[in-house]
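Per-entry structural report
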Amino acid sequence: MLAIYKKELKSYFHSMIGYVFMAFFLVVIGIYMYALNFVYQVANFEYVLNNVTFIFIILVPILTMRVMAEEKKQKTDQLLFTSSVSMAKIVLAKYLAVLSLFGATMLVLCFYPLVLSAFGEVAFSTSYAAIFGFFLMGAALIAIGLFISSLTESQIISAVISFIVLLLCFLANQLASVLPTDKLPTMMITLVVFAAFCFVIYISMRKIYVAVGVWALGTVALILLYFFHGSFYDNLLAKMVGAIALMKPFENFCYGTIYLANIVYYVSVAALFVTLTTLFIKESLSDKIRKGSTYRTGLMVIVTVICVVVNLFVGELDVYADVSSQKLYSITQDTIDFVKGIDSKIKIYYVCKDGQEDPTVEKIVNKYDKLNKKVTVEKKDPVLYPNFTKKFTNDDVQQNSIIVVNEDTEKFKVVNYTDMYEYDASSQSVSAVDVEGQITAAIDFVTNKDLPVLYYTSGHGEAELGNTLTSIIKKKNIDANDLKTLTVDEIPEDCDILVINGPTADFTDNELKMIRVYLANGGDAIITLQQTNNKMPNFTQLLEYYGIYQKEGIVLEQYGNYMSGYPTNIIPTLGTHEIVSNVSASGQYVVMPNCIGISESDTVRDSVTLTELMRTTEGAYSKVNVDSKTAEMEDGDIPGPFGLGVLAEEKSEATDETMKLVVFSSVYLFNEEIISTGQFANANIFRDTLGYMAPVGKNISISSISLTTDYLTIPETTQVILGIVFVIILPLAILVTGLIIWLRRRKA
């Protein structure tokens with residue numbers, strides 16, 4: 001076997017075949033690498049591989065067309081296959097030789113992420129996971145090409161058939177989405193496919209009675225299924241075509257998720273077709289075709305069934321490693337613990353047509369099915385069940401949406417597809433993924449009897465709560481309501497959290513009284529401050545009653561801790577309280593423009609506890625003249641440091657509840673334009689503030705995962721040089737090396 005392997009491998013490198021293959025492969029990779037990594041400066045090498053899978057459709061037929069067909073054409077197969085080496089070892093040696101050539105090319109690619117890392121931060125784990133998956137996919141496709149090569153003596157026919165087969169594999173996902181889903185046409189097409197399968201049995205066994213018998217029994221069974229178990233045909237064609245989508249599992253590797261099922265899938269496909277090649281050649285050389293064909297066909301069926309069973313078994317295990325830096329396709333331990341503790345019977349419906357699944361949504365929602373026996377996931381195709389969603393809502397439900405139902409209480413929640421993604425307001429591109437957060441929040445919603453209620457005041461020039469804050473409130477299953485305090489006599493009894501977002505006009509005496517009563521009874525409130533020229537004595541009195549004093553002017557930093565060029569855009573130092581500790585531990589920045597300095601009273605009553613959440617540096621000061629043209633400290637300006645976020649707590653004598661009042665010194669902390677960029681952790685501060693105030697048992701909240709792309713920094717001249725090296729020089733060097741070796745051998 002080793003001798004045959006060496007002979008085959010040398011044949012690629014003693015001729016131009018191997019060098020042309022490697023050069024062409026690297027040219028295509030180089031072109032995409034130049035465009036994506038050098039010009040657009042994206043730091044993800046896996047993007048390159050995900051865009052060049054089409055290369056297999058071209059190169060695999062060319063590479064494998066001669067492996068077996070050439071032996072048949074030259075009549076050397078008789079000599080080779082009558083040697084003392086077993087048929088299986090001969091075929092395996094030939095396959096490994098081709099695989100080694102492909103592997104050598106992949107080894108070259110292993111250096112590419114290292115080159116990119118010289119110009120920025122590269123996610124090596126994801127890059128090399130993609131390279132590993134690319135190699136496995138290539139190994140499977142090469143095995144298919146090897147099998148097709150064994151079917152004919154003509155290299156051209158072998159290449160054409162291989163091209164067609166691989167093209168179908170490449171387009172399988174697209175084909176699955178356009179196939180009919182109605183039961184009758186599905187059955188008719190299935191009958192045609194089954195008849196073709198029976199014809200293959202006849203060609204293989206040369207026994208008409210066996211083929212006709214299988215066809216008759218199978219046809220009757222398929223027709224009976226149509227009448228008595230019609231659901232068998234639900235998306236059957238899409239599932240059949242999807243089974244040959246060999247490129248689809250590779251996407252998981254590009255996402256940084258290495259599934260054992262995907263590895264086994266590619267390895268089993270390779271093993272299956274190498275085995276089928278061995279069986280087909282072995283029996284085709286037999287003088288007793290009629291006698292041996294039954295054995296061959298039976299053995300082929302057994303091997304195929306074993307591969308299918310193994311894949312089904314491994315697929316059920318759901319063993320995987322998420323090596324992506326963002327853990328995009330894993331679920332957090334918080335969700336795992338939460339779902340495992342659920343006692344209610346929960347059904348999660350994934351509303352999507354077959355072939356149009358969002359891989360992110362599909363991967364994450366399926367993980368809930370394995371956490372708790374009482375939590376099950378069921379996919380519903382809106383084409384097959386057009387009226388299903390009408391049971392829950394009269395609104396149109398988007399593809400890839402989720403409906404979570406508590407089957408014990410019939411309480412449900414619809415999670416629309418667009419709610420599972422966050423968008424950059426400036427570019428309208430996806431900035432974060434929130435699939436797990438939304439699904440977990442929906443489960444929390446349907447399993448909770450009493451949900452917290454939030455009121456936000458209006459009528460005093462308050463800033464509106466933006467889309468991001470509204471989404472956070474909704475995700476935490478908090479019912480938000482507008483409250484015009486001037487038109488009511490008291491804060492509603494069901495109010496759990498009161499939000500006063502940057503008022504610029506004062507509250508009346510009656511409004512001040514009702515807010516004071518609400519807080520005195522243990523109510524919670526979030527207040528943000530906004531610079532205004534209006535006098536606001538009642539609002540000021542409310543804050544000072546809890547020992548929180550505002551400084552005149554706008555805070556500036558002098559020696560850092562602000563956004564470059566904008567000393568009024570403060571990057572505060574975070575404290576250790578749980579409201580800010582998660583953000584502090586994550587290393588993310590919080591940005592607070594136009595802050596009003598806060599100080600804490602030393603003489604506030606003993607029952608009030610003040611905790612500083614954020615503060616400036618010692619070098620900060622408050623610019624009293626906000627219209628001043630200089631950022632330098634002037635006479636009359638107030639030196640820092642200042643508090644930028646304070647928590648006041650006081651136990652109510654009337655209700656025995658503890659009042660929580662959080663004051664942030666800038667309304668722009670929660671400005672939609674700042675939050676929607678996804679660059680700062682401001683939204684997380686709001687989320688964790690709500691989490692601290694929300695009633696016990698309603699505080700499960702999963703953060704969204706930022707999709708901020710890492711970029712390289714490559715000067716334009718360097719881009720051109722690297723492009724020339726990877727697109728021209730490196731492939732050309734391989735070709736020249738091969739040409740020199742080939743010419744020397746010819747002269748010898």
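The shown structure was predicted, so the numbers you read here are calculated from the model rather than taken from an experiment.

Reading guide: rules and limits
The residue numbers shown here count from 1 along each chain, following its written sequence. Only residues with pLDDT of at least 70 are given local features in this predicted model, and only at 80 or more are side-chain atom pairs given and counted; all residues enter the totals for whole chains, interfaces and linings. No hydrogens and no water enter the side-chain calculation; it runs on all heavy atoms of the structure. Segments assigned H or I by DSSP are reported as helices when at least four residues long, segments assigned E as strands when at least two residues long, and all are numbered from the N terminus. Residue burial is assigned from relative accessible area. The probe radius is 1.4 Å, only protein chains are included, and a residue is buried under 20% of its type maximum, exposed over 50%, and partly exposed in between. Per-residue accessibility takes into account occlusion by the displayed protein chains alone, with areas from the Shrake-Rupley method and a 1.4 Å probe. Residues scored as charged are limited to Lys and Arg (positive) and Asp and Glu (negative), so that His and the chain ends carry no count. By convention, charge coordinates are those of NZ in Lys, CZ in Arg, CG in Asp, or CD in Glu. In this analysis, axes come from line fits to C-alpha atoms, helices being fitted only over the stretch in contact, and the angle between any two N-to-C directions falls in the range 0 to 180 degrees. Left-handed describes a crossing in which the near helix is turned anticlockwise from the far one by less than a right angle; the clockwise case is right-handed. Note on contacts: a residue pair is in contact if any heavy atoms of the two residues lie within 4.5 Å. When residues are sorted by character, Ala, Val, Leu, Ile, Met, Phe, Trp, Tyr, Cys and Pro go into the nonpolar class, Asp, Glu, Lys and Arg into the charged class, and all the rest, Gly among them, into the polar class. Expected helix span is given by 1.5 Å per residue-to-residue step, counting one fewer step than there are residues. In this analysis, strands are considered paired if DSSP registers two or more bridges between them. A carboxyl oxygen of Asp or Glu within 4 Å of a side-chain nitrogen of Lys or Arg is what we treat as a salt bridge.

1. Observations regarding the overall build of the protein chain
- In terms of helices and strands, the protein chain carries 26 helices and 25 strands.
- Within the protein chain, the proportion of its 748 residues that are buried is 49%.
- Accessible area for the protein chain stands at about 35200 Å²; split by element, carbon and sulfur atoms hold 59% of it.
- For the protein chain, the separation between the mean place of its 56 positive charges and that of its 74 negative charges on side chains is 21 Å.

2. Points about the packing of helix H2 (residues 17-39) against helix H7 (residues 87-109)
- Viewed as axis vectors pointing N to C, H2 and H7 meet at an angle of 35°, and their least axial separation amounts to 10 Å. Between H2 and H7 lies a crossing whose hand is right-handed. The residues of H7 that touch H2, namely those facing Gly-18, Phe-21, Met-22, Phe-25, Leu-26 and Ile-29, are Leu-101, Phe-102, Ala-104, Thr-105, Met-106, Val-108 and Leu-109.
- Class assignment for the residues of the contact of H2 with H7 results in eleven nonpolar, two polar and no charged.

3. Topic: helix H19 (residues 435-447)
- Across its 13 residues, H19 extends 19 Å between first and last C-alpha, which sits within 8% of the 18 Å expected from 1.5 Å per residue.
- Counting buried residues in H19 gives eleven out of 13 residues, a clear majority hidden from the surface.
- When we look at burial in H19, the residues that qualify are Val-435, Glu-436, Gly-437, Gln-438, Ile-439, Thr-440, Ala-441, Ala-442, Ile-443, Asp-444 and Val-446.

4. Section: the sheet that holds strand E18 (residues 592-593)
- In spatial order, the strands read E15-E16-E18; together these three strands make up an open sheet with antiparallel pairing. Where the open sheet ends on each side, the last strands, each with one partner, are strand E15 (562-563) and E18.
- By the bridge criterion, two bridges tie E15 to strand E16 (residues 566-570) in an arrangement that is antiparallel. Opposite Met-563, over in E16, you have Tyr-566 as the bridge partner.

5. Thoughts on the pattern of salt bridges
- Scanning all chains against the criterion turns up 16 salt bridges.
- A salt bridge links Asp-524 to Lys-660; the nearest nitrogen and oxygen atoms lie 3.9 Å apart. Remark: Lys-660 occurs in strand E24 (residues 658-664) and Asp-524 occurs in strand E12 (residues 524-528); sequence separation between them is 136 residues. An identical accessibility class is assigned to Asp-524 and Lys-660; each is buried.
- The partner of Lys-623 in a salt bridge is Glu-634, and the shortest N-O contact between them spans 3.1 Å. Here Lys-623, found in strand E21 (residues 621-623), pairs with Glu-634, found in the loop between E21 and strand E22 (638-639); they are eleven residues apart in sequence, far enough to count as distant.
- Given the relative accessible area of 33%, Glu-634 is considered partly exposed.
- A network of salt bridges, in which partner residues are shared, links Lys-7, Glu-8 and Lys-94.

6. Things to note about the side chain of Asp-358
- Mapped onto the secondary structure, Asp-358 falls in the loop between strand E3 (346-351) and helix H18 (359-367).
- As a buried residue without a salt bridge, Asp-358 has its nearest oppositely charged side chain in Lys-363, at a separation of 7.7 Å.
- Once residues lying within four places of it in the same chain are set aside, the contact partners of Asp-358 are Tyr-350, Asn-400, Tyr-417 and Tyr-421.

7. Focus on the sheet that holds strand E7 (residues 421-423)
- Strand order in this open sheet of three strands is E7-E8-E25, and the pairing throughout is antiparallel. On the outer flanks of this sheet lie E7 and strand E25 (705-706), each paired with one strand and no other.
- Looking at chain direction, strand E8 (residues 430-433) and E25 are connected through two bridges and run antiparallel. Paired with Val-433 across the strands is Ile-705, a residue of E25.

8. Description of the environment of Ile-223
- Take Ile-223: it is sitting in helix H12 (residues 208-228).
- Along the backbone, Ile-223 and Ile-306 are 83 residues apart, and their C-alpha atoms lie at a distance of 27 Å.
- Every residue in contact with Ile-223, bar those within four places of it in the chain, is listed here: Met-187 and Tyr-233.

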